[in-house]
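Observations on the three-dimensional arrangement
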Amino acid sequence: MISVPDGCISFFGPWPDEDRERFATDMLVKDRFIDDTEEGSLLSEIEPYLQRLRYEFDHWDDAIHGYRETERKHWYPANRAILDRVVTVAFAGVAMPYVHVLDLAEEGVIKPHVDSVRYCGNTIAGISLLSDSVMRMVRTNDEEQTNAEYRQIFSNERHKKYWADVLLPRRSLYIMRHTARYKFTHEILAANESLFHDQQVKKTRRISIICRNDP
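Residues numbered from 1 in each chain as written. Predicted model: local features only at pLDDT ≥ 70, side-chain atom pairs only at ≥ 80, totals over all residues. Heavy atoms only, no water.

According to UniProt, the comment filed for the protein chain under the heading Cofactor (unreviewed entry) is "Fe(2+)". (UniProt positions renumbered as here; feature names shortened; annotations may be inferred.)

1. Describing the confidence of the model for the protein chain
For the protein chain, mean pLDDT is 89; residues scoring 70 or higher make up 87% of the total. Long-range and interchain partners of residues 1-5, a stretch whose pLDDT sits below 50, account for 15 contacts in this model, where long-range means more than four residues apart. (pLDDT = per-residue confidence, 0-100. Contact = heavy atoms within 4.5 Å.)

2. Some details on the packing of helix H2 (residues 36-50) against helix H3 (residues 77-91)
One can describe the packing of H2 onto H3 by two numbers: an axis separation of 9 Å at closest approach and a directional angle of 115°. For the pair H2 and H3, the crossing hand works out as left-handed. Residues Glu38, Ser41, Leu42 and Glu45 of H2 lie in contact with H3, whose contacting residues are Ala78, Asn79, Ile82 and Arg85. When its residues are assigned to classes, the contact of H2 with H3 shows three nonpolar, two polar and three charged. (Axes fitted to C-alpha atoms, helices over the stretch in contact; angles between N-to-C directions. Helix = DSSP H or I, 4+ residues; strand = E, 2+ residues; numbered from the N terminus. Left-handed = near helix turned anticlockwise from the far one by under 90°. Nonpolar A, V, L, I, M, F, W, Y, C, P; charged D, E, K, R; others polar.)

3. Quick look at H2
An α-helix turns once every 3.6 residues. As a result, residues three or four positions apart point the same way. For H2, spanning 15 residues, the distance from its first C-alpha to its last is 20 Å, which sits close to the expected 21 Å at 1.5 Å a residue. Of all the bends in H2, the greatest, near 30°, is centred on serine 44, and the proline proline 48 appears no more than four residues after it. Among all positions in H2, only Glu39, Leu42, Leu43, Glu45, Ile46, Glu47 and Leu50 are buried. Buried residues belonging to H2 abut strand S3 (64-72), H3, strand S4 (99-113), strand S5 (123-129) and strand S12 (206-212). (Expected span 1.5 Å × (residues − 1). Bend = angle between axes of the 7 residues up to and from the residue. Buried < 20%, exposed > 50% of the residue type's maximum accessible area, 1.4 Å probe, protein only.)

4. Quick word on the environment of alanine 190
Secondary-structure assignment places alanine 190 in the loop between strand S9 (184-188) and strand S10 (195-196). Taking the C-alpha atoms as reference points, alanine 190 and lysine 202, twelve residues apart in sequence, are found 9.8 Å from one another.

5. As for the packing of aromatic side chains
Under the defined criterion, the tally for this structure stands at seven aromatic pairs. Consider the rings of tryptophan 15 and tyrosine 162, whose centres lie 4.8 Å apart with planes at 55°: the pair is tilted. Here tyrosine 162 lies in the loop between helix H4 (142-146) and strand S7 (163-168) and tryptophan 15 lies in the loop between strand S1 (9-12) and helix H1 (17-26), a separation of 147 residues in the sequence. Classification of tryptophan 15 by relative accessible area gives buried; the value is 10%. Taken together, a centroid distance of 5.6 Å and an interplanar angle of 15° make the contact between tryptophan 15 and phenylalanine 184 stacked. In this pair, tryptophan 15 sits in the loop between S1 and H1 while phenylalanine 184 sits in strand S9, placing the two residues 169 residues apart along the sequence. One aromatic cluster in this structure is built from Phe11, Trp15, Phe23, Tyr162 and Phe184. The ring of phenylalanine 33 carries arginine 85 above its face, with NZ or CZ at 4.8 Å from the centroid. Against the face of phenylalanine 184 rests arginine 139, its NZ or CZ located 5.9 Å from the ring centre. (Phe/Tyr/Trp six-rings, centres within 6.5 Å; stacked < 30°, edge-to-face > 60°. Lys NZ or Arg CZ within 6 Å of the ring centre and 35° of its normal.)

6. Looking at the environment of asparagine 141
By the element assignment, asparagine 141 lies in the loop between strand S6 (133-139) and H4. The class of asparagine 141 is partly exposed, set by a relative accessible area of 29%. Separated by 42 residues in sequence, asparagine 141 and lysine 183 place their C-alpha atoms 6.1 Å apart.

7. Overview of a negative patch on the surface
The grouping of Glu56, Asp58, Glu69 and Glu71 at the surface amounts to a negative patch. Locating glutamate 56 in the fold gives a position in the loop between H2 and S3. (Patch = residues over 30% accessible without salt bridge, like charges linked within 9 Å, V, L, I, M, F, W, Y side chains within 5 Å. Areas by Shrake-Rupley, 256 points an atom, 1.4 Å probe, with all protein chains shown as cover. Salt bridge = Lys/Arg side-chain N within 4 Å of Asp/Glu carboxyl O. Lys, Arg positive; Asp, Glu negative; His and termini not counted. Charge placed at Lys NZ, Arg CZ, Asp CG, Glu CD.)

Structure, rendered in structure tokens:
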């Protein structure tokens, strides 16, 4: 596991001061949100179901490769208590009843995307299990989001773009809300691209337990 530096966000490009300050408020990472016993408890509930699924390499909007997923509404009491903590910390006590479980294979990637406003509201919060990873978040705008080529925005005129790499340590909780949720694409970098402060981040199989609020 990578040693966590002071702060889990690394900024790149010509950030306006106001945008940088807002992003630091709207994108939070709480290291060691759960302990190894709680991680084991979550895994013991979801692994039997996940192991019956095959990893998929086609996604309806081409956003994810090498994944399997499910949604759960009912949880064992100990795990429900963990999720209730997430809802309290990230959503002021009110979140959607179904929790998304996303299992990303070691070779899997989540490509740059902005989550549809049809399926969730202004906050997304996720617990990272099994592996450290790096989430890259690139500033976009409404025109680029609706353009069929928006996934290539990072490679086009890169010198004009600004972005952040966010370290997601194993057992941490990330909270992405407001500007961070709507105005930045987010992706999980592939294992061979996972660097944070020039330090290699060993990404293996990663499971995220994701809560959302209503649109």
